[in-house]
Structures are given as C-alpha cells and as structure tokens.
Amino acid sequence: KQEVTQIPAALSVPEGENLVLNCSFTDSAIYNLQWFRQDPGKGLTSLLLIQSSQREQTSGRLNASLDKSSGRSTLYIAASQPGDSATYLCAVLGSQGNLIFGKGTKLSVKP
Amino acid sequence: NAGVTQTPKFQVLKTGQSMTLQCAQDMNHEYMSWYRQDPGMGLRLIHYSVGAGITDQGEVPNGYNVSRSTTEDFPLRLLSAAPSQTSVYFCASSSKRTLQKGETQYFGPGTRLLVL
C-alpha cells in the first residue's frame, strides 16, 4: 500500500529565505508525482507535475525534483514571499488514476 | 468545457440522514475519484472508478457508497450520516490519455459537509 509522508508538518521562515519541502513515498511504481498548493478554505492548485521518467520540473521560483529509486521528492522555493504562505501537498499518482496524498506542510513566510 | 462540477457547495445534515454528493465531468474521462479532506490529514481516497460500471474502494470507504452508471457522473452516497463524516469532499477526474500526456487530475471545487 502506497504511503506518502511530508516533512516538516509546519515551517515558518522570514521573507527572502530559500526553503525545501520534503516528500517521501513507499512504492516506486508511480505514474507521476505532483505538488499542490492549498490556501485556507480553498481548493487545490497544481504547482508542478513530474512524470516518473523525469528528474525535475521548474516553474518560476519553484523547482521540484524526483528520485524514484529512493522514493523521494523535494520542492525548492527560492526567495520566499509572504504570498507563498499556504499548505503544500505532495501526491503520487498510481496506475488506476487516483492520487495518494501526504498530509501537507503548512508554510508561513513572515514579512 | 465546464470541467468537474460538484453540488452542493455546502450542506448541513443531522446524524442518521442520508444524502448524495453529485459529481459530473464533461471531458469524457474514464477515471473518477472521491476524496475527503480533514484538518492535518491531507486528502484521503474514499472510492474511485476506472470506467462506467467499475468502482473500487480507496483508503476510507466505510459509510459511503458509489456507483458509475455513466462516464460523466460519479455520485457519492452517505447512507447514514455521522459527525465523523464532517469534512470537505473533492471529486476528481482524469484519463489514461491525459495522464500519459503529463496532465494532472482535474479537481472539482469541493463540497463542505457538516453533520450535526
């Protein structure tokens, strides 16, 4: 059974810092891995999707890496801003088209 | 395309009542899923379907029933609501074709359910 773990559960940083969020998964047979952002009371916003054959994806200040063999992914946020404050969710997609989510990392960026 | 739609947006139930959360998609996706989200728990898979007439259980199926009579619709039924089912429910869809193209699941806006 696939399990996804995110560390840390919460993170507070001053504005401008670079930071890394971690995600690990137990079964390497995945279609892809995705990072989502969720603001309080809102739905999910997809940030980055890494196919199982890829090693990393970049979008603006965000960079996500995938090491399938070790079951790990990281989300790197450069030059953090208060607007980055949200919960970040990691999820892996299995062969039956559904996602297994981690519990998320709640990020707070202080001005 | 309307994408994935969910109704209602918000619902209050009394313990023991039954109700159906509706989910529909107009993208001809074969895969559809239901998730629930509780504080500090991420999203957990309730039931999923890989095509019309085919459903299977996810991580937390107890107390919920699903059916998939058409490609477009995937309703979630609460048979006898309990306070533990207070949550936000998300429906999602995708297809083998879109997954192979590197696309993500498409999520509905969610249904917020309160069981008293």
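Look above for the structure.
What counts and what doesn't
Residues numbered from 1 in each chain as written. Chains lettered and ligands numbered in written order. Predicted model: local features only at pLDDT ≥ 70, side-chain atom pairs only at ≥ 80, totals over all residues. Heavy atoms only, no water. Helix = DSSP H or I, 4+ residues; strand = E, 2+ residues; numbered from the N terminus. Rg over C-alpha atoms; globule rule 2.2 N^0.38 Å. Buried < 20%, exposed > 50% of the residue type's maximum accessible area, 1.4 Å probe, protein only. Salt bridge = Lys/Arg side-chain N within 4 Å of Asp/Glu carboxyl O. Patch = residues over 30% accessible without salt bridge, like charges linked within 9 Å, V, L, I, M, F, W, Y side chains within 5 Å. Areas by Shrake-Rupley, 256 points an atom, 1.4 Å probe, with all protein chains shown as cover. Pairing = 2+ DSSP bridges. Axes fitted to C-alpha atoms, helices over the stretch in contact; angles between N-to-C directions.

Asker: Talk me through the overall build of chain B; I want residue IDs and the actual numbers.
Answerer: For chain B, the count of helices and strands is one helix and 11 strands. Each helix and strand of chain B, placed in order from N terminus to C terminus, yields the pattern β-β-β-β-β-β-β-β-β-α-β-β. Computed over C-alpha atoms, the radius of gyration of chain B comes to 14 Å, within 12% of the 13 Å expected from 2.2 N^0.38 for 116 residues, which places it in the range of a compact globule. Projecting the C-alpha coordinates of chain B onto the three principal axes gives extents of approximately 45 × 30 × 25 Å. The buried share of chain B, taken over its 116 residues, is 49%.

Asker: Give a description of the pattern of salt bridges that names residues and reports values.
Answerer: Applying the stated rule across the entire model yields four salt bridges over all chains. Close ionic contact of Arg61 of chain A with Asp84 of chain A constitutes a salt bridge, the shortest N to O distance being 2.8 Å. A residue pair is termed long-range when its members are at least 10 positions apart, and Arg61 of chain A in the loop between β6 (56-59) and β7 (62-67) and Asp84 of chain A in the loop between β8 (72-77) and β9 (86-93) qualify at 23 residues. Assessed through its relative accessible area of 7%, Asp84 of chain A is described here as buried. Between Asp38 of chain B and Arg36 of chain B there is a salt bridge whose closest N-O contact spans 2.9 Å. Judged by relative accessible area, Arg36 of chain B falls into the buried class, the value being 8%. In the salt-bridge network here, residues are joined through shared partners; they are Arg36, Asp38 and Arg44 of chain B.

Asker: Could you give an account of a nonpolar patch on the surface, naming the residues involved and the relevant values?
Answerer: Taken together, the side chains of Phe10, Val12, Leu114 and Leu116 of chain B define a hydrophobic patch exposed on the protein surface, amounting to about 360 Å² of accessible area. Position of Leu114 of chain B relative to the elements: it lies in strand β11 (residues 111-115).

Asker: Help me get a handle on the sheet that holds strand β1 (residues 4-7) of chain A, residues and values and all.
Answerer: Residue and element names in this part refer to chain A. Pairing in this open sheet of five strands is antiparallel, and the strands run β1-β3-β8-β7-β6 from one edge to the other. Since the sheet does not close on itself, it has two edges, and those belong to β1 and β6, each with one partner. Put simply, the sheet's adjacent strands are angled 15° from each other on average, direction ignored. Alignment of β7 against β8, held across six bridges, turns out to be antiparallel.

Coordinates in, geometry out; function isn't part of it.
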